[in-house]
Amino acid sequence: EDEDRVQGQGYYRLAKVYYDKSDLNKAEEFFIKSLERTQFPRDAFAMFKIHGFLIRIYSESLQESKANHHIQSSEMLLEKLASSLGTLNAEYFYNLGVVNTYKGDFRDARKNFMLSYKKAQEEHE
């Protein structure tokens, strides 16, 4: 379990290196390997980050169906997270805003980013 998590973190770091070097094929490969080693709910926010990178990779390479798959996965992850959290925190609303942005729903995205900012101030983060 912990070995998988450490391995997943290594894959994530490799994916970021390839992403930063614009080697999107290798970045995709390692982001997927990293995502496969995450565990909900412990890694929920890392899962959002990985989905976000994959959405950008697929959007840049005009693979709309794959991008949409990860947008939908992010939405389902948010729903799952909302039902497992006691209270919805700033990070939750930030990720909700990100998902709204991916969907092109900029009005709701702005609303959720503002709510995230307000919550973060309340949480002293």
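Keep in mind that what you see is a predicted model, and the values were worked out from it rather than measured.

**Considering the nonpolar core**
The nonpolar side chains of a soluble globular protein tend to be buried, and buried together.
Here comes step 1: Counting 23 residues, the largest nonpolar core has Y19, F31, L54, I57, L78 and Y92 as its most contacted members.
Here comes step 2: Of all elements in the fold, only α1 (2–20), α2 (24–36), α3 (44–60), α4 (64–84) and α5 (90–102) reach the threshold of two or more residues within this core.
Here comes step 3: Element by element, the count of residues in this core is highest for α3, at eight residues.
Here comes step 4: Sequence-distant contacts of L78, defined by excluding residues within four places in its chain, comprise F48, Y92, N95, L96 and V99.

**Observations regarding α5**
Here comes step 1: For α5, built from 13 residues, the straight-helix expectation of 18 Å at 1.5 Å per residue is met to within 8% by its first-to-last C-alpha distance of 19 Å.
Here comes step 2: Those residues of α5 lying buried are A90, Y92, F93, N95, L96, G97, V98, V99 and N100.
Here comes step 3: Those residues of α5 that are buried are in contact with α3, α4 and α6 (106–123).
Here comes step 4: G104 sits one or two positions beyond α5 and adopts a positive phi of about 80°.

**Some remarks on the environment of H69**
Here comes step 1: Examined against the element boundaries, H69 turns out to sit in helix α4.
Here comes step 2: When its relative accessible area of 44% is taken as the criterion, H69 is described as partly exposed.
Here comes step 3: Note: C-alpha distance between H69 and S83 (14 residues apart in sequence) is 21 Å.

**Some points on the environment of D43**
Here comes step 1: Position of D43 relative to the elements: it lies in the loop between α2 and α3.
Here comes step 2: Judged by relative accessible area, D43 falls into the buried class, the value being 6%.
Here comes step 3: Note: C-alpha distance between D43 and V6 (37 residues apart in sequence) is 12 Å.
Here comes step 4: Aside from chain neighbours lying at most four places away, what touches D43 is R5, R37 and T38.
Here comes step 5: Looking at D43, its side chain comes within polar contact range of the side chain of R5, at 2.7 Å.

**What about the pattern of salt bridges?**
Here comes step 1: By the definition in use, this model includes eight salt bridges.
Here comes step 2: Across the pair R37 and E36 runs a salt bridge whose closest N-O atoms are separated by 3.8 Å.
Here comes step 3: Here E75 and K103 are joined by a salt bridge, their closest N and O atoms 2.8 Å apart. Of this pair, E75 sits in helix α4 while K103 is found in the loop between α5 and α6, placing the two residues 28 residues apart along the sequence.

**Observations concerning the side chain of S74**
Here comes step 1: In this fold, S74 is placed in helix α4.
Here comes step 2: Judged by relative accessible area, which is 2%, S74 ranks as buried.

**Re the packing of aromatic side chains**
Here comes step 1: All chains considered together, the criterion is met by ten aromatic pairs.
Here comes step 2: Centroid distance F45 to F48: 6.0 Å. Interplanar angle 35°. Geometry classified as tilted. On the criterion of helical spacing, the pair formed by F45 and F48 is a turn pair, its members being three residues apart in helix α3.
Here comes step 3: Between Y94 and F113 the ring centres are 5.5 Å apart and the planes differ by 50°, which places this aromatic pair in the tilted class. Here Y94 is found in helix α5, whereas its partner F113 is found in helix α6, with 19 residues between them in sequence.
Here comes step 4: Relative accessible area serves as the criterion here: at 44%, Y94 is assigned to the partly exposed category.
Here comes step 5: Site record: aromatic cluster; members linked through ring pairs are Y12, Y19, F31 and F53.
Here comes step 6: Over the ring of F53 we find R56; its NZ or CZ atom is 4.6 Å from the centre of that ring.
Here comes step 7: Sitting over the face of the ring of F40, K80 holds its NZ or CZ atom 4.5 Å from the ring centroid.

Criteria and thresholds
- Residues numbered from 1 in each chain as written.
- Predicted model: local features only at pLDDT ≥ 70, side-chain atom pairs only at ≥ 80, totals over all residues.
- Heavy atoms only, no water.
- Core = buried A, V, L, I, M, F, W, Y, C linked by side-chain atoms within 4.5 Å.
- Buried < 20%, exposed > 50% of the residue type's maximum accessible area, 1.4 Å probe, protein only.
- Helix = DSSP H or I, 4+ residues; strand = E, 2+ residues; numbered from the N terminus.
- Contact = heavy atoms within 4.5 Å.
- Expected span 1.5 Å × (residues − 1).
- Polar contact = N/O pair within 3.5 Å; in protein donor to acceptor, adjacent residues only side chain to side chain.
- Salt bridge = Lys/Arg side-chain N within 4 Å of Asp/Glu carboxyl O.
- Phe/Tyr/Trp six-rings, centres within 6.5 Å; stacked < 30°, edge-to-face > 60°.
- Lys NZ or Arg CZ within 6 Å of the ring centre and 35° of its normal.

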